[in-house]
Amino acid sequence: MNRTLSLLVITLAAVLTACSHKISPDKPQLAVTDFRLDSLPDSEINIPIRISLNPVYAMAEKQVDTLFTSPGFPEGWVMNGCDTRYKYSFRRSPLQLKAAGNSFSLGFTGYYRIIGSTRVCVAGAAVSPWTAPCSCGFDEPERRVNISFTNTISLHPDYRMKLLTRRNEPQALDKCEMCFWGMDVTRQVLSGLTSELDAAKAELDKSYGSVDLKPQFLQLWDQLGKAYKLPEMGWLQVNPQRLRVNNFYAKGDSLYAYLGLTARPVISSIKPVDQSAPLPNLAPYSRDNGFSVFLDAMLDYDSLSTVINRLVVNKEFDFKKGPVRKKFIIRECRLYGSGNEKLIIRIDFGGTDNGTVYLTGKPVYTKDTRILEVKDLEFDIRSKDALLKTAEWLFSRKIINEISRNARFDLGHFIDSAKVDVNRQLNQEWVKGISSEGSITQIQLIGIYPLGKALVIRSNCSGVLAMKVDTIDFSL
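Every value quoted in this text rests on a predicted model; they were computed, and no experiment measured them.

Calculation rules
- For every chain, the first residue of its written sequence is number 1, and the numbers climb from 1 along that sequence.
- Residues qualify for local features only when their pLDDT is at least 70, as the model is predicted, and side-chain atom pairs are given and counted only at 80 or more; totals for whole chains, interfaces and linings, by contrast, use all residues.
- With hydrogens and water set aside, each side-chain value is computed from the structure's full complement of heavy atoms.
- Every helix listed is a DSSP run of H or I at least four residues long, and every strand listed is a run of E at least two residues long, numbered separately from the N terminus.
- In this scheme, a residue with accessible area under 20% of its type's maximum is buried, one over 50% is exposed, and one in between is partly exposed, where area comes from a 1.4 Å probe on protein chains only.
- Contacts were defined at the residue level, with two residues in contact if any of their heavy atoms lie within 4.5 Å.
- Per-residue and other accessible areas follow the Shrake-Rupley method at a 1.4 Å probe size, with only the shown protein chains counted as cover for residues.
- Taken from the helix axis, the directions to the C-beta atoms give the arc we talk about.
- Two strands qualify as a pair provided DSSP detects at least 2 bridges between them.

Chemist: So what's going on with the overall build of the protein chain? Which residues, and what values?
Modeler: What the protein chain contains, in helices and strands, is 8 helices and 32 strands. The principal-axis extent of the C-alpha atoms belonging to the protein chain is close to 160 × 45 × 35 Å. Within the protein chain, the proportion of its 476 residues that are buried is 46%. The contacts of the protein chain with a sequence gap of at least 6 include a subset with a gap of at least 24, amounting to 65%. Working note: accessible area of the protein chain is about 24700 Å², and carbon and sulfur atoms make up 53% of it.

As structure tokens, then:
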């Protein structure tokens, strides 16, 4: 009896094995549609920028002499015609700076002392000796005069900053009257001082009349072209396209301007190649505030598949076909796209039968829940044909519902992390002396593109950004 039962079991197993099918439909070939990844819209970033004038002031402090003297001082004399001679020394206070509009002034108070004498001349010939020297500012307080330069600054499309310097007329605060007859030599002193100031202005024009800021902008441009690691998100690449800067205006100890950047930023799970596009000339400026950034996040299908597999691998489903019970076991799920609006889910399975089937569905994002899910899942037409021939019992909503229930991705954490990490990138020192401050106010998903290599999630970020330039290397 036992031997008969064993033979029956072996026979039944052989029959069942003979009835098992290997199901291997061809990959889905989705219909061609108008679907395409539109060109990423240009992102517009308009940044108020503050440039500290302290480096300019420091430069001017070095360039403008602190001591002026008449030629040959203290031994030599300056002849003013035949009948007058004098010599002087002049020192200045620290520079005083005022800024307004697109100009700023460098001024200081000068302190001078002078000594001179006269003689009688007829027809340009001396007929008497020089009188005893008379002076002011030697045994009494030095005489004062206000000196100033007015500077107008502008930035040109080739990144050259033009500094136009104008020497203002000196303004005497005290008269310099010498000798008992009260001879006023203030005018002669100012005339000599003007010559010295003109020489200083010429030196300023020569050294700083045109400052090339292209090296600094090129550094910034190169930094923007690099890929930056975003923890738990992948890599951010800004992909700059154009820069814009309006004319500067001055206030207090700073210059202010608006810097505009046109870019096409992308987040990718794979590190992209750093960009090294040539720095274009400055473009015309737009006065829109803040920034509006369109961002493509590339989510690779391997990571999405891993999320589903953690939930569904080895799930078992029992089915009853008449008196026969059948089993379906999920071995692995793989997601991918084919340039259509739909996602494809490949399911490798075992159990009563084994093989592969394909589901197709449309990725949909719900703003309120911040959930990305695959909706309207159905067996692909080729999988349907294969199942009809071999295992029609697999036409069950149980399998589809299970996959659908787990083909859901909570992007809330992704979005929140994006805000934190991008905000961190916005608040940093890009190159020495140049830093930025900003924040993202909101991120909105506006498109989902299941491409062949990655699921592209397009979002729009808006916020504010400002830049500070605290040091400028004028040696460049």
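Here the narrative resumes.
Chemist: Before we move on, can you summarise helix H4 (residues 214-224) with the specific residues and values?
Modeler: When H4 is considered as a whole, its buried residues turn out to be Gln216, Phe217, Leu220, Trp221 and Leu224. An end-on view of H4 places all buried positions within 135 degrees of arc, on one side of the element. Buried-residue contacts for H4 involve strand E11 (143-155), strand E16 (210-212), strand E19 (240-245), strand E21 (254-263), strand E30 (428-431) and strand E32 (454-469).

Chemist: Which residues make up the pairing of strand E27 (residues 354-366), and what values do they have?
Modeler: Across 2 bridges, strand E1 (residues 22-23) lies against E27 in parallel orientation. In the sheet register, Ile23 faces E27, and the bridge partner there is Gly355. In this structure, strand E26 (residues 343-351) lies alongside E27, joined through 7 bridges in antiparallel fashion. Bridge assignment links Ile344 to a residue of E27, and that residue is Thr360. Hairpin geometry of E26 and E27 is characterised by an intervening segment of 2 residues between the two adjacent antiparallel strands. Pairing between E27 and strand E28 (residues 371-379): 7 bridges, direction antiparallel. In the strand pairing of E28, Pro363 is matched with Val374. As consecutive antiparallel partners, E27 and E28 are separated by 4 residues, and within that stretch Arg370 has a phi angle of approximately 60 degrees, a positive value.

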